[in-house]
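Structure at a glance
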Amino acid sequence: MDPEEAVRQIAHVVDAETDDGGRRCAAGYRPVFDRVADHPEADVTELATELGAEIRAGSRPNPATAERVADRVVGVAADGGRVDD
């Protein structure tokens, strides 16, 4: 999944789960998706899945939280293990 598609998917999740405008909210995650996509072995889909799960659970991760999730995703790609929060 490329970053643009990931942002669209998150926008749909936001629209379905909150009263906030999905396009407006999801656009804030674009730089995070771009950063993950810059790592050849990292998977943007994993980031989208984790953010989507948090939104479905009733919270909307702020950009700092999204960055921490991205750190874990990139950490998995970089060293094969999880990066702790």
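Here's a quick rundown of the structure. (Residues numbered from 1 in each chain as written. Predicted model: local features only at pLDDT ≥ 70, side-chain atom pairs only at ≥ 80, totals over all residues. Heavy atoms only, no water.)

Turning our eyes to something else, we now look at helix H1 (residues 3-17). For H1, spanning 15 residues, the distance from its first C-alpha to its last is 21 Å, which sits close to the expected 21 Å at 1.5 Å a residue. Against the buried residues of H1 lie helix H2 (22-27), helix H3 (30-37) and helix H4 (44-56). (Helix = DSSP H or I, 4+ residues; strand = E, 2+ residues; numbered from the N terminus. Expected span 1.5 Å × (residues − 1). Contact = heavy atoms within 4.5 Å.)

Once that is clear, we can look at the packing of H1 against H4. In the contact formed by H1 and H4, the axes pass within 10 Å of each other and the chain directions differ by 10°. Relative to H4, H1 is oriented roughly parallel. Residues Pro3, Ala6, Ile10, Val13, Val14 and Glu17 of H1 form the contact with H4, whose participating residues are Val44, Ala48, Leu51, Gly52, Ile55 and Arg56. Considering only residue class, the contact of H1 with H4 consists of nine nonpolar, one polar and two charged. (Axes fitted to C-alpha atoms, helices over the stretch in contact; angles between N-to-C directions. Parallel < 35°, antiparallel > 145°, perpendicular 65-115°, else oblique. Nonpolar A, V, L, I, M, F, W, Y, C, P; charged D, E, K, R; others polar.)

In a soluble, globular protein the nonpolar side chains are often hidden away together inside. If you look at the biggest cluster of nonpolar residues, it comprises 23 residues, and the most contacted ones within it are Ile10, Tyr29, Phe33, Val36, Leu47 and Leu51. Elements with a minimum of two residues in this core: H1, H2, H3, H4 and helix H5 (63-79). Per element, the largest residue contribution to this core is six residues, and it comes from H1. (Core = buried A, V, L, I, M, F, W, Y, C linked by side-chain atoms within 4.5 Å. Buried < 20%, exposed > 50% of the residue type's maximum accessible area, 1.4 Å probe, protein only.)

Quick look at the packing of H3 against H4 now. Where H3 meets H4, the closest approach of the two axes is 9 Å, and the angle between their N-to-C directions is 145°. Together, Val32, Phe33, Val36 and Ala37 of H3 and Val44, Leu47, Ala48 and Leu51 of H4 make up the contact between the two elements.

Below, the discussion takes up the pattern of salt bridges. One pass over the structure, following the stated rule, counts six salt bridges. A salt bridge links Asp34 to Arg30; the nearest nitrogen and oxygen atoms lie 3.0 Å apart. You can see Asp34 and its partner Arg30 sitting in helix H3, four residues apart, about one turn around the helix. In this structure, Glu67 and Arg35 form a salt bridge, with 2.8 Å as the shortest nitrogen-oxygen distance. Separated by 32 residues along the polypeptide, Glu67 in helix H5 and Arg35 in helix H3 bring together distant segments of the chain. When salt bridges that share partners are traced, they join Glu4, Glu5 and Arg8 into one network. (Salt bridge = Lys/Arg side-chain N within 4 Å of Asp/Glu carboxyl O.)

Note that every value here comes from positions in space, so none of it alone points to a role or purpose.
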